[in-house]
Amino acid sequence: MADLFPPLVTAQIDGKPPKADEKVDYSNLPCPVPYDELHREAYMSLKSETFEGLRFDFSKGLNQRFSLSHSVMMGPTEVPSQSPDTTIKIPTAHYEFGANYFDPKLMLVGRVMTDGRLNARLKADLSDKLILKANAQLTGEPHMSHAVFNFDYMGKDYRAQLQLGNSALVGATYIQSVTPRLSLGGEVFWAGVPRKSGIGYAARYETDQMVASAQVASTGNVVMNYVQKISEKVSLATDFVYNYFSRDVVASVGYDYILRQSRVRGKIDSNGVTSALLEERLSMGLNFLLSAEGFFFSQVDHKKKDYKFGFGLTVG
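These figures come from a predicted structure and were not determined experimentally.

A. Seen up close, the overall build of the protein chain. Helices and strands together make up the secondary structure of the protein chain, namely three helices and 19 strands. Buried positions account for 27% of the 316 residues belonging to the protein chain. Summed over its atoms, the accessible surface of the protein chain is roughly 20000 Å², and 61% of this surface lies on carbon and sulfur atoms.

Structure (structure tokens):
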């Protein structure tokens, strides 16, 4: 008899009336992600930190807040060549010493390399809603040192950021949640020394299973990406990058697969570049890294035979 009734009537007889669309409470929207993290899910797959050569990282915690780290990197460094079909690589080795301080409201990270470079990062919670972030790099080369300070303010349903840097760099970003799933934002910047300015717009839409974002700027860059969560451990990502001044365009497809004791990330793009990064946990505090990158179907880059392989260990 149930087949004789329309679906609406049948549902009412079963005691399960159709659920009406819930009204959106626009006065209680979620806080969006920071403007500079619009594409973070896609970059986890598409921007994995591949490397070439040997890498060894060791970290030791001295107490609950302070730790030291040592890193050794051995591998080739590319230098400019007169021939576009030739890649010149010079064997190099670097040692890096680091110190880290972590507190619930303060983070300090410092790195010193044998070539004289000093990198420092700071993150401090000035209040429950205001965060200070700073990045600095000091080198012995003239005009290569720089420092940038970011002041991030987190509102109830928006985020705002003010950026100050050397070379008279001033920038600001703002992103606002307009629905529970959609957020819109914009940015402006001014660099005094090269006397350049720009403006940009961005949008981000996310659900429990997908994230889509787009960004366009007056500098000519257009970025669009999409991430689909297949399961709790598998996600696929794709992006499209286009510059309407130079007419350069690159499209990429990537993946992120998390196993019980390992993680595999990789991508392939329209230039023929294929890369993959494997992180394997051998035991507690001991990880093995395997990195590979090569050109497979690009006729221009295939002549260079520029294939990159690396492996490493992370202890601590």
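B. Region of the structure containing a nonpolar patch on the surface. A contiguous nonpolar patch, built from L54, F56, F58, V72, M74, Y95, F97, L282, L290, F311 and L313 and spanning about 870 Å² of accessible area, is present on the exposed surface. Counting residues per element, the ones that place at least two in the nonpolar patch are β1 (53-61), β2 (66-79), β3 (88-103) and β19 (308-315). Considering each element in turn, the nonpolar patch owes the most residues, three residues, to β1. Here V72 lies in strand β2. Residue classification places V72 among the partly exposed positions, given a relative accessible area of 31%.

C. Layout of the environment of G312. By the element assignment, G312 lies in strand β19. The buried category is assigned to G312, whose relative accessible area is 1%. Counting along the chain gives 23 residues from G312 to L289, while the straight-line C-alpha distance between them is 4.8 Å. Look past the residues within four positions of G312 in its chain and what remains in contact with it is F51, R55, N287, F288 and L289.

D. Molecular detail of the side chain of S48. If you trace the backbone, S48 turns up in the loop between α2 (40-46) and β1. Classification of S48 by relative accessible area gives buried; the value is 11%.

E. Local environment of the environment of Y201. Tracing the backbone shows Y201 in strand β11 (residues 196-206). A sequence separation of 17 residues divides Y201 from L184, and the C-alpha atoms of the two residues are 7.7 Å apart. Setting aside anything within four residues of it in sequence, one finds Y201 in contact with Y35, G185, G186, A214, Q215 and V216.

F. Representation of the layout of surface pockets. Of the voids in this model, the largest pocket is the one considered here, and its volume is about 1100 Å³. The wall of the largest pocket is formed by 38 residues, among which E49, F51, R55, D57 and L289 lie closest to the centre. At the level of secondary structure, the elements contributing two or more residues to the lining of the largest pocket comprise β1, β2, β3, β4 (106-113), β16 (262-269), β17 (273-283), β18 (286-295) and β19.

G. How the structure looks around the pairing of strand β12 (residues 210-217). Two strands pair when backbone bridges link them, and β11 and β12 are joined in this way by seven bridges, in the antiparallel orientation. Of the residues in β12, the one forming a bridge with G200 is A217. From the end of β11 to the start of β12, which pair antiparallel, there are three residues. Two elements, β12 and strand β13 (residues 221-229), share seven bridges in a ladder whose sense is antiparallel. Pairing of A212 across the sheet is with Y226, part of β13.

What counts and how
For every chain, the first residue of the written sequence is number 1, and numbering continues from 1 along that sequence. The predicted origin of the model limits local features to residues at a pLDDT of at least 70 and limits the giving and counting of side-chain atom pairs to 80 or more, whereas totals for whole chains, interfaces and linings rest on all residues. Side-chain descriptors were evaluated using all non-hydrogen atoms of the structure, hydrogens and water having been removed beforehand. Under the DSSP-based scheme used, a helix requires at least four consecutive residues in state H or I and a strand at least two consecutive residues in state E, with every element numbered from the N terminus. Summary of the burial criterion: residues with accessible area below 20% of their type's maximum are buried, those above 50% are exposed, and those between are partly exposed, where the area comes from a 1.4 Å probe applied to protein chains only. Using a 1.4 Å probe, the Shrake-Rupley method yields the accessible areas, and only the shown protein chains count as cover for residues. Patch membership needs two things, relative accessible area over 30% and no salt bridge, and members are linked within 9 Å if like-charged or within 5 Å if nonpolar (Val, Leu, Ile, Met, Phe, Trp, Tyr). Salt bridge, as used here, is a side-chain nitrogen of Lys or Arg placed within 4 Å of a carboxyl oxygen of Asp or Glu. Whether two residues are in contact is decided by their heavy atoms, any of which lying within 4.5 Å being enough. Using a grid of 1 Å spacing that covers the protein atoms alone, one calls a set of points a cavity when a 1.4 Å probe fits there but cannot get out, and a pocket when the set is open and has protein on both sides within 12 Å along at least five of seven lines; lining residues are those with an atom within 4 Å of a point. Grid points are joined across faces, edges and corners, and a volume is the space filled by probe spheres set on the points. In this analysis, strands are considered paired if DSSP registers two or more bridges between them.

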